[in-house]
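Overview (structure and organization)
Single-letter residue listing:
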Amino acid sequence: MTPLHIQDAPGTQGALPSPRPNEPVVDVVVPVLNEVEMLPRFLARVAALGMDLRLICVDNGSTDGTLELLRSRPEITLLEHGRNLGYGRSLADGLRASRAPRVVIIDADCEYPPEAIPVLLAGLESAPVVYASRFLGGGPLDMSPLRRAGNRLLTDIFNLLYGQRLTDLYTGMKALRREAFQGLALRYNGFEHVVELAAGLAGRGLALAEAPVAYTPRQTGRSKMRHLPEVLKALWVLLKLRVAGRA
Ligand SMILES: Nc1nc2c(ncn2[C@@H]2O[C@H](COP(=O)(O)OP(=O)(O)OP(=O)(O)O)[C@@H](O)[C@H]2O)c(=O)[nH]1
Ligand SMILES: [Mg+2]
């Protein structure tokens, strides 16, 4: 499949294409930045599901061989940013390229198990949106106190502002019915995208459901996220969106 190069397309969900006959009913959107170590395992685990799905990988300017690996896999729908346009922009572009009635978002680093894809899809039978929560499993969770506290703070404030009952706003895995997100304006290119998407969905009156997911912190490769500044930025965006009534 010829990769789609994206440089300056707006990160919104305006006119979304309709599904075509005989296409998979599930699209899996994967943001990817320098994941050459984990990506082969991730792809193998997705393939082992044996599901009829379309994998949409958005390469966000990888320089470690990830892009070459993705290009060598013709079964993957590949979007190439060419340079780093942001995590949020990767997801917005991936959602925009999707056509299936059901979409799953999942990271490429195997922190969230691809085996949970069918579980989240089953949840879509009774809810328009299902977030994979790392905190509902019951077992011990290998997560730094700072990361846990930041997520907790944002989740609690989001719940208060939008009348939701999430436990894990900052999960990297979720499933959405197309009609839940179609037409949502997604303008934030960075990690604030997470609150923008959730606020947009909740602002439509949707209840965000959750399903427990096993979480395996990054086994290899380097963490690329700076958590404290991201929490502060997300907090600001969350309050701004609520006050502006945009969502
Ligand atoms: N951090 C980061 N990740 C990106 C970006 N673009 C795409 N990604 C992908 O987005 C997913 C989530 O990013 P991660 O860096 O794993 O964020 P995280 O899971 O919160 O943190 P760690 O796994 O501990 O690094 C991964 O699949 C990345 O490859 C980007 O600009 N920054
Ligand atoms: Mg990760």
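First, a word on what this report is: a plain description of the structure on this page. Quantities reported herein were computed from a predicted structural model and do not represent experimental measurements. (Residues numbered from 1 in each chain as written. Chains lettered and ligands numbered in written order. Predicted model: local features only at pLDDT ≥ 70, side-chain atom pairs only at ≥ 80, totals over all residues. Heavy atoms only, no water.)

This brings us to the packing of helix α5 (residues 145-162) against helix α8 (residues 227-244). Contact geometry for α5 and α8: axes closest at 10 Å, N-to-C directions at 5°. Classed by the angle they form, the pair α5 and α8 counts as roughly parallel. Between α5, through Leu146, Arg147, Gly150, Leu153, Leu154, Ile157, Phe158, Leu161 and Tyr162, and α8, the contact on the second element is made entirely by His227, Leu228, Val231, Ala234, Leu235, Leu238, Leu239, Leu241 and Arg242. Here the residues of the contact of α5 with α8 are counted per class, giving 14 nonpolar, 2 polar and 2 charged. (Axes fitted to C-alpha atoms, helices over the stretch in contact; angles between N-to-C directions. Helix = DSSP H or I, 4+ residues; strand = E, 2+ residues; numbered from the N terminus. Parallel < 35°, antiparallel > 145°, perpendicular 65-115°, else oblique. Contact = heavy atoms within 4.5 Å. Nonpolar A, V, L, I, M, F, W, Y, C, P; charged D, E, K, R; others polar.)

The environment of ligand 1 is formed by 17 residues, the closest being Leu33, Glu35, Asn60, Asp109 and Arg147. Within the contact set of ligand 1, an oxygen atom lies 2.8 Å away from a side-chain nitrogen or oxygen of arginine 147. Contact with the protein chains hides 92% of the accessible area of ligand 1, taken as 600 Å² for the molecule alone. Its residues assigned to classes, the shell around ligand 1 shows 7 nonpolar, 3 polar and 7 charged. (Near = heavy atom within 4 Å. Polar contact = N/O pair within 3.5 Å; in protein donor to acceptor, adjacent residues only side chain to side chain. Areas by Shrake-Rupley, 256 points an atom, 1.4 Å probe, with all protein chains shown as cover.)

How two aromatic rings sit relative to each other is given by the distance of their centres and the angle of their planes. As enumerated under the stated definition, the model contains 3 aromatic pairs in all. Aromatic pair tyrosine 87 and phenylalanine 191: ring centres 4.3 Å apart, planes at 10°, arrangement stacked. Of this pair, tyrosine 87 sits in helix α3 (residues 87-97) while phenylalanine 191 sits in the loop between α6 (178-181) and α7 (193-203); the two residues are 104 residues apart in sequence, bridging distant segments of the chain. The exposure class of tyrosine 87 is buried, given its relative accessible area of 15%. Here arginine 134 stacks its cationic end above the ring of tyrosine 215, 5.0 Å away from the centre of that ring. Just above the ring of tyrosine 162 sits the side chain of arginine 242; from NZ or CZ to the centre is 4.4 Å. (Phe/Tyr/Trp six-rings, centres within 6.5 Å; stacked < 30°, edge-to-face > 60°. Buried < 20%, exposed > 50% of the residue type's maximum accessible area, 1.4 Å probe, protein only. Lys NZ or Arg CZ within 6 Å of the ring centre and 35° of its normal.)

This next bit is on the coordination of the magnesium ion (ligand 2). Note on metal geometry: ideal angles are 109.5 degrees for four donors arranged tetrahedrally and 90 or 180 degrees for six donors arranged octahedrally. Bound to the magnesium ion (ligand 2) on the protein side are Asp109 (OD) and Glu111 (OE), at distances that span 2.0 to 2.4 Å. Glutamate 111 matches aspartate 109 in its accessibility class, with the two residues each being buried. (Donors = N, O, S within 2.8 Å, 3.2 Å for Na, K, Ca; no water.)

This next bit is on the pairing of strand β7 (residues 174-177). Because side chains alternate across β7, one face comprises the buried residues Lys174 and Leu176, and the other comprises Ala175 and Arg177, equally buried. Of the strand pairs in this sheet, strand β5 (residues 102-105) and β7 are connected by 4 bridges, and their pairing is antiparallel. Among the inter-strand pairings, valine 104 is bridged to a residue of β7, identified as alanine 175. Where strand β6 (residues 129-133) lies against β7, 3 bridges are found, and the strand directions are antiparallel. Each bridged residue has a counterpart across the sheet, and for tyrosine 131 the counterpart in β7 is lysine 174. (Pairing = 2+ DSSP bridges.)

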